[in-house]
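# Commentary on secondary and tertiary structure
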Amino acid sequence: MMRAAAQAAYADHFITSLPKGYQMELAEDAGNISQGERQLLTIARAMQAGALVACFPEGTTSHGASVGRFHGALFQPAIDAGAIVMPVLLRYTDRQGRSTQDCCYVGEDSLLASVWRIVSARAHSAELRFLAPMDAAGHDRRGLAQEAHAALSMSLAKTLSGN
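A brief structural summary. Quick caveat, the model's predicted, so the values are computed rather than measured. (Residues numbered from 1 in each chain as written. Predicted model: local features only at pLDDT ≥ 70, side-chain atom pairs only at ≥ 80, totals over all residues. Heavy atoms only, no water.)

### Section: the overall build of the chain
From N to C terminus, the chain includes six helices and four strands. Within the chain, buried positions represent 30% of all 163 residues. Here the contacts in the chain between residues at least 6 apart in sequence split such that 62% fall between residues at least 24 apart. Element-wise, carbon and sulfur atoms account for 56% of the exposed surface of the chain, whose accessible area totals about 10600 Å². Taking the 14 positively charged and 15 negatively charged side chains of the chain as two groups, their mean positions are separated by 7 Å. (Helix = DSSP H or I, 4+ residues; strand = E, 2+ residues; numbered from the N terminus. Buried < 20%, exposed > 50% of the residue type's maximum accessible area, 1.4 Å probe, protein only. Contact = heavy atoms within 4.5 Å. Areas by Shrake-Rupley, 256 points an atom, 1.4 Å probe, with all protein chains shown as cover. Lys, Arg positive; Asp, Glu negative; His and termini not counted. Charge placed at Lys NZ, Arg CZ, Asp CG, Glu CD.)

So this is what it looks like as C-alpha cells:
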C-alpha cells in the first residue's frame, strides 16, 4: 500500500534510491536527506497535486552564451509522472534586443552585487522561447536531460546567430 501511494505521488524512484529505500526514516525536518533529495520530493508532491512545475535544470544562471550542464535528477519526477516536458529558452536582453549579462548571478558574484546590477540597469527584458514539448514517458532521466539540453542549445545558437 505504501509503495502504491509513493508511485501515485511519483516518489517511488526517489524512495528506492535512498540508502535504506522504504525502510529509511525521515527526520521531521527532512534534515537527514540532501537538499537535492528534498527538492525531488517537493517536485513529486507538487506533480501529484496536479501543479505545473518549472525547473531550472542548470541549477544556476550563466552569461548566456551557452547552455550549462543539466542535472538529470530534476527530470525524474516528470518521467515517473509520464508528464510532458516543455523546454523554454530564457534570455535577458537590453533595449536593442542584444543579450545582456545584467541579470547573471554566476561565479563569485554576491547576491547583493547581482541585485544591484539588475536594479541599476537602464532597461532589460526577459525573452522566452517555448520549444517543442517532449513526452517524458519512455525516457531515462539522463536521456531526457540530454534531449532537452540539445534542443535548448540549438535554439540558443540560432538566436545568437540572428536566425
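Resuming the write-up.
### Regarding the side chain of Arg91
Here Arg91 shows up in strand β2 (residues 88-93). Within the local environment of Arg91, its side chain forms a polar contact with the side chain of Ser99, the two groups lying 2.7 Å apart. (Polar contact = N/O pair within 3.5 Å; in protein donor to acceptor, adjacent residues only side chain to side chain.)

### Some thoughts on the nonpolar core
Formed by 28 residues in total, the largest nonpolar core has its most connected members in Phe14, Phe70, Phe75, Val85 and Leu144. Taken together, the elements giving at least two residues each to this core come down to α2 (12-17), α3 (35-48), α4 (76-81) and α6 (141-161). Not counting the four nearest positions on each side in its chain, Phe70 is found in contact with Pro57, Glu58, Phe75, Ala145, Ala148, His149 and Leu152. (Core = buried A, V, L, I, M, F, W, Y, C linked by side-chain atoms within 4.5 Å.)

### Regarding the pattern of salt bridges
Under the definition given, this model contains three salt bridges. Salt-bridge contacts for Arg98 lead to Asp94; the nearest nitrogen and oxygen are separated by 3.0 Å. Asp109 serves as the salt-bridge partner of Arg117, at 2.8 Å between the closest nitrogen and oxygen. Overall, the relative accessible area of 27% leaves Asp109 in the partly exposed class. (Salt bridge = Lys/Arg side-chain N within 4 Å of Asp/Glu carboxyl O.)

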